[in-house]
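# Geometric and topological summary
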Amino acid sequence: MKKKDQVIAAFEHKYGKEYRVFFAPGRINIIGEHTDYNNGFVLPAAIDKCIYLAIQPIAGNTTYIHSVDFDEEVSFTLDVDHKTLPHWALYPFGVIKELQKLGKNSGAFRAAFGGDIPEGAGLSSSAALESVFATALNSLFDFGLDKMTLAKTGQMAEHNYAGVMCGIMDQFASIHGKKGHVMKLDCRSLEFEYFPLELGEYELLLIDTRVKHSLASSEYNSRRKDCEEGVMIMRRDNSQRKSLRDIRSKDVITFLGSIGEQVYMRCQFVTEEIERVGYTCESLLEGDLEQVGRYMFETHEGLSKLYHVSCPELDLLADVAAEIPGVLGARMMGGGFGGCTINLVKSTEVPVLIETTRKKYLDAFGKEPEYYKVNTGDGAGEII
Ligand code: ADP
Ligand code: MG
């Protein structure tokens, strides 16, 4: 049974036949990694893997939420200490609380939800979960909030209830996605633009390392620091340089002496990556997927050799993919130290890519990666 139907069946079984159904997707990012906190650009797309939610407002103060995938129900009133809730319930609870901060009070409801986004693989199942509740509550209780506000509400729930200090990209993409398109998001102004992603005889395949190295969060913080340090020094003679967004990649080398080699490498990567997002959009408009693929390889190289956020598992997958004819591009996706690679590959060559990476990965690491084919999909909404 499809996940959406499972969710509906679970709702009907527990709570009855009156409900509305909403969905919100996970996301990929074509290019633009570690650029968000540098005020740069990212290029995400919503995907065809989603969280589905069946929901109905009820009288009283007690809300009931059933997680189909964890086969667990919580009930709470809004004064509950959130630390007593199971982890998955923090996301909807956080959304309700963040809406409340905006003066939007959700009434009680009952709900069942579940999804087919692999958790913790870097496809942002958490953002999808926040987005589906934000979208549903906005509609159910007529809050009249615009999409960007809903995305920010999800982001704040993630910060304040899940304790993850994420940027806006994931929730933005889950809510604004459009099938067949990627979105170029300006992380400084939050302005965005859709670009068509017409894959023709190619497709996107994610390969999941199934590892998450523990250095991920400490190294993330130290990369942010390196970037800030670079900007601090580079703006001494030009106060317009407020972030790496304001510096061209070809100029970074002139600061090598003052910023030192490590900070230089970080700044070089980020400034190139911000420019690469723009170039990639141009190539998409020209329908030049081969060039898009080359940028993806460049991004991987930079993340691995300059930004130092890759790991042997990701490097192996990207390197093996690069050797296979029909693979236009491959790179690690997300913060690094684990998660997936994203591969742009000719449909007919997908089996070769899968078999080759499976074998080499197994030989090197004693386990097999996981594979997910993804298509672009629409952003959060109601299923009628
Ligand atoms: P991701 O990269 O997928 O966002 P996170 O660790 O940020 O990984 O979020 C995963 C968490 O989100 C899970 O631990 C769980 O609490 C919640 N979650 C995601 N998908 C589901 C689901 N289908 N059902 C219940 N909870 C989910
Ligand atoms: Mg997440």
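Residues numbered from 1 in each chain as written. Chains lettered and ligands numbered in written order. Predicted model: local features only at pLDDT ≥ 70, side-chain atom pairs only at ≥ 80, totals over all residues. Heavy atoms only, no water.

### Comments concerning the nonpolar core
Of all hydrophobic cores here, the largest spans 103 residues; its most connected members are Ile28, Ile30 and Phe133. Element by element, the count of residues in this core is highest for helix α8 (residues 256–285), at 11 residues. Residues contacting Phe133, with those up to four places away along its chain left out, are Leu53, Ile65, Pro92, Val95, Phe109, Ala111 and Phe113. Of all hydrophobic cores here, the second largest spans 16 residues; its members include Ile324, Val327, Ala330 and Val345. (Core = buried A, V, L, I, M, F, W, Y, C linked by side-chain atoms within 4.5 Å. Buried < 20%, exposed > 50% of the residue type's maximum accessible area, 1.4 Å probe, protein only. Helix = DSSP H or I, 4+ residues; strand = E, 2+ residues; numbered from the N terminus. Contact = heavy atoms within 4.5 Å.)

### Describing the domain arrangement of the chain
Domain parsing of the chain yields domain 1 (3–197 + 378–383) and domain 2 (202–374). For domain 1 versus domain 2, the distance between C-alpha centres works out to 27 Å. Across the boundary between the two partners, domain 1 contributes 31 residues, which contact 40 residues of domain 2. For the domain 1 and domain 2 pair, buried surface summed over both sides reaches about 2,800 Å², with 68% attributable to carbon and sulfur atoms. At the surface where domain 1 touches domain 2, the tally comes to three salt bridges. Linking Asp186 and Arg245 is a salt bridge whose minimum nitrogen-to-oxygen distance equals 2.9 Å. At the junction of domain 1 with domain 2, the criterion picks out 12 residue pairs in polar contact (both at pLDDT 80 or more). Contributing elements (two or more residues each) for the side of domain 1 that touches domain 2: β1 (20–29), β2 (41–42), β3 (44–57), β7 (181–186) and β8 (192–196). Residue classes in the side of domain 1 that touches domain 2 are distributed as 16 nonpolar, eight polar and seven charged. (Domains from an automatic or database assignment. Buried area = accessible area lost by both parts, 1.4 Å probe. Salt bridge = Lys/Arg side-chain N within 4 Å of Asp/Glu carboxyl O. Polar contact = N/O pair within 3.5 Å; in protein donor to acceptor, adjacent residues only side chain to side chain. Nonpolar A, V, L, I, M, F, W, Y, C, P; charged D, E, K, R; others polar.)

### Section: helix α9 (residues 289–305)
Taking 1.5 Å per residue as the helical rise, α9 with its 17 residues ought to reach 24 Å, and the 24 Å between its terminal C-alpha atoms agrees with that figure. Every buried residue belonging to α9 is among Leu289, Gln291, Val292, Gly293, Tyr295, Met296, Thr299, His300, Gly302, Leu303 and Ser304, and all of these are buried. (Expected span 1.5 Å × (residues − 1).)

### Description of the sheet that holds β1
One open sheet accounts for six strands, arranged β5-β4-β6-β3-β1-β13; its pairing is mixed. Edge strands, defined here as strands with exactly one partner in the open sheet, are β5 (72–76) and β13 (381–383). Between one strand and the next, the sheet's axes are offset by a mean angle of 25 degrees, whatever the strand orientation. Strands β1, β3, β4 (63–67), β5, β6 (109–115) and β13 of the sheet are contacted by helix α1 (residues 3–15), whose axis makes an angle of about 150 degrees with β6. Relative to β1, helix α3 (residues 125–140) is tilted by about 145 degrees, and along the sheet it contacts β1, β3, β4, β6 and β13. (Pairing = 2+ DSSP bridges. Axes fitted to C-alpha atoms, helices over the stretch in contact; angles between N-to-C directions.)

### Some details on the site of ligand 1
Around ligand 1, a shell composed of 17 residues is seen, among which Asp69, His87, Gly120, Ser125 and Ser126 lie nearest. A distance of 2.8 Å is found between an oxygen atom of ligand 1 and a backbone nitrogen or oxygen belonging to Gly120. Contact between ligand 1 and Ser126: an oxygen atom at 3.0 Å from a side-chain N or O atom of the residue. With the chains in place, 83% of the 560 Å² that ligand 1 exposes on its own is no longer accessible. At a threshold of 2 Å from the grid points, most atoms of ligand 1 map onto the largest pocket. Listing elements by their share of the shell around ligand 1, those giving two or more residues are α2 (87–101), β6 and α3. (Near = heavy atom within 4 Å. Areas by Shrake-Rupley, 256 points an atom, 1.4 Å probe, with all protein chains shown as cover. 1 Å grid on protein atoms, 1.4 Å probe; cavity = no way out; pocket = protein on both sides within 12 Å on 5 of 7 lines; lining within 4 Å. Sits in = over half its atoms within 2 Å of the grid points.)

### A word on the layout of surface pockets
Taken as a whole, the largest pocket spans an internal volume of roughly 1,300 Å³. What lines the largest pocket is a set of 49 residues, and nearest its centre among them are Gly122, Ser124, Glu158, Val164 and Asp170. When contributions to the lining of the largest pocket are tallied by element, the ones reaching two or more residues are β1, α2, β6, α3, α5 (169–176), α6 (216–234) and β11 (338–346). With four residues, α6 is the single largest residue contributor to the lining of the largest pocket. (Points joined across faces, edges and corners; volume = space filled by probe spheres on them.)

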